[in-house]
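# What the coordinates show
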Amino acid sequence: MTLVNSGALSILRREQLWNQVKANLHLVKSFPSSGQIVPHDLPKLLRKAGHKVGIVTSSPKWYAEEIIKAFAIEHDVLISHGDTTNHKPDPEPLNAALKALGVGASKEVYYVGDDAADTEAAYHAGLTSIGIGWGLLTFSAVASAAPDLFLGDGSLLLRTGEFDGFGYAGEVLTSGRSFVDHWGTILRCESDPQVYALGRYFTASDPRHGGSSLCTAVLSLKNNDTHAEVLGQAVGRTGGNLDGWRPSYIVPVPPKPSQNRNRFEKVLITAKQYLPESVNVLVDGLNCVKEVAGYKQMNGGERQEAIKGAFATGYNWHGNDVLLLDDVYTTGETVKECVRVLKASGAGEVRCLTLAGDQRAFIHKQCSSCHRSMKIRTNSQGQKFWGCSGYPHYCQNTENL
C-alpha cells in the first residue's frame with residue numbers, strides 16, 4: 001500500500017492466508033499517478049538521482065519478489081519478514097536494510113510507509129519517517145503516531161533538498177525554516193467533525209518534547225504572546241483553504257470564566273493578515289459560561305459529561321461555515337461540544353484547526369534511581385533537562401537531554 005495498491009488482498013494478508021494471496025496476485029494494481037509519477041516508479045527515479053534504495057516489508061520474500069517483478073520495481077536491498085527475528089515496529093528490519101546498504105542510521109535516511117508501525121520503526125531506528133497519503137484508508141489511524149513528513153504527491157519525494165520545508169506548518173514556521181505549502185502541511189486527525197492540526201504535540205514524558213519548537217510555542221501561548229505571531233502565521237497560511245474548504249468565520253475556543261486573557265486573540269490578529277478577505281475573524285464568537293475543574297485529569301467519558309453546557313454563542317450564524325481554533329487536540333470532547341453549540345445556533349459546516357495534535361510516545365525514559373518515568377523540564381535559565389516525575393519530593397534525579 002506504499003508502492004502498489006494491494007488493498008484487494010488486505011484481509012487475506014492480515015489473516016496470513018498466503019495460498020489464497022498467491023492465487024490472487026493479479027488483483028494487486030498500480031496506484032494512479034501522483035504528481036505525474038506512478039508510485040512504483042519512485043525507487044527507480046530515486047536510484048537514477050543517486051540515492052540508495054532499500055525495500056523493507058513484513059510480507060514473505062516470495063510475495064515481495066513477485067510484486068517487485070510484476071511492477072519492475074528497482075531496488076538495491078530487499079528485507080522481508082523471514083530475514084529478521086523481530087518485525088516492525090521493532091527497528092531490526094530497518095537496521096538490517098541499513099547494514100546491507102552500507103549506510104549508518106541518521107536523519108538523512110528516510111523510511112517511507114503507510115501506517116503507524118512504519119513511523120514507529122523509523123523512530124526506533126533513528127531515521128526520518130515519511131508517510132504517504134495515496135495508500136491510506138483513514139488518516140485518523142495514523143494521526144496520533146504521525147510521521148515526520150506527510151506527502152500526498154509522489155513527485156515531492158524526489159525533491160530531497162526541500163524536505164526541511166515539507167514538514168507540518170506549525171513545526172516548520174516555529175523552528176524558523178522556510179515553509180513550503182503542500183497537501184501534508186496539515187495533519188488530518190479526525191473526520192467527524194473534521195479536525196486538522198498544524199503539527200504534533202509531544203507530552204513532557206516523550207523524548208521528542210525537548211526538541212519540538214511547536215511544543216514550546218503552544219505551551220508558551222498559555223501564559224504569554226511570545227509566539228503568537230508565528231502561530232498566527234501558521235493559522236493564516238493554512239486556515240483559508242483546508243482540503244479545498246474555505247470557512248466564512250474563524251472562532252477560537254474561549255477562555256474559562258476565571259481567565260481574563262484570550263490566548264488566541266493575537267494569534268488571530270496575525271492570522272488575518274494571511275487569510276483571504278472573505279474569511280472573518282470573531283474572537284468573541286463563543287463564550288465559556290461554566291468553569292470545569294480538573295478537566296485534564298479526566299478520561300474521555302468524564303470529559304464529555306463535564307463539558308456539557310460549558311459554551312454559548314451570542315451569534316446566529318445563518319448557515320455560514322465556521323472554523324473552530326483550538327490549541328491541542330487530545331480526546332476531542334471540547335471540540336465536539338463547541339461544534340454542537342455552533343450548529344445549534346445556525347452554523348453550516350464546522351471544522352476545527354488545532355495548533356497541534358497529541359501524539360503517543362513510542363518510548364518512555366525511566367529514572368535510573370527510582371524507576372519512575374522521567375519528564376522534560378525547564379530550569380530558570382530556559383535550559384531543558386530530564387527530571388524524575390517524583391521530583392522534588394520523592395526523587396532528586398536529573399539527567400541531561
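Cut-off values and rules
- Residues numbered from 1 in each chain as written.
- Predicted model: local features only at pLDDT ≥ 70, side-chain atom pairs only at ≥ 80, totals over all residues.
- Heavy atoms only, no water.
- Phe/Tyr/Trp six-rings, centres within 6.5 Å; stacked < 30°, edge-to-face > 60°.
- Buried < 20%, exposed > 50% of the residue type's maximum accessible area, 1.4 Å probe, protein only.
- Helix = DSSP H or I, 4+ residues; strand = E, 2+ residues; numbered from the N terminus.
- Pairing = 2+ DSSP bridges.
- Axes fitted to C-alpha atoms, helices over the stretch in contact; angles between N-to-C directions.
- Contact = heavy atoms within 4.5 Å.

## Some words on the packing of aromatic side chains
In total, this model carries 11 aromatic pairs according to the counting rule given. Ring geometry for tryptophan 62 versus tyrosine 63: centroids 6.0 Å apart, planes at 85°, classification edge-to-face. The exposure class assigned to tyrosine 63 is buried, which follows from its relative accessible area of 5%. Ring plane angle 75° and centroid distance 5.4 Å describe the contact between tyrosine 249 and tryptophan 317, whose orientation is recorded as edge-to-face. One end of the pair, tyrosine 249, is in strand E9 (residues 249-252); the other, tryptophan 317, is in the loop between strand E12 (311-312) and strand E13 (322-329), and 68 residues separate them in sequence. Given a relative accessible area of 22%, tyrosine 249 falls into the partly exposed group.

## Section: the sheet that holds strand E16 (residues 384-388)
On the basis of which strands lie adjacent, the open sheet formed by 3 strands has the order E15-E16-E17 and antiparallel pairing. What marks the edges here is a single partner per strand, and that holds for strand E15 (374-378) and strand E17 (398-400). Across the sheet, the axes of successive neighbouring strands diverge by a mean angle of 35°, strand direction being ignored. When E16 meets E17, the two strands line up antiparallel, connected through 3 bridges. Across the sheet, the residue bridging to glycine 387 is threonine 398, located in E17.

## Re the environment of arginine 372
Looking at the element boundaries, arginine 372 is found in the loop between strand E14 (350-358) and E15. Sequence spacing of arginine 372 and valine 283 is 89 residues, and the spatial spacing of their C-alpha atoms is 42 Å. Look past the residues within four positions of arginine 372 in its chain and what remains in contact with it is Lys365, Gln366, Cys367, Cys388, Ser389, Gly390, Tyr394 and Cys395.

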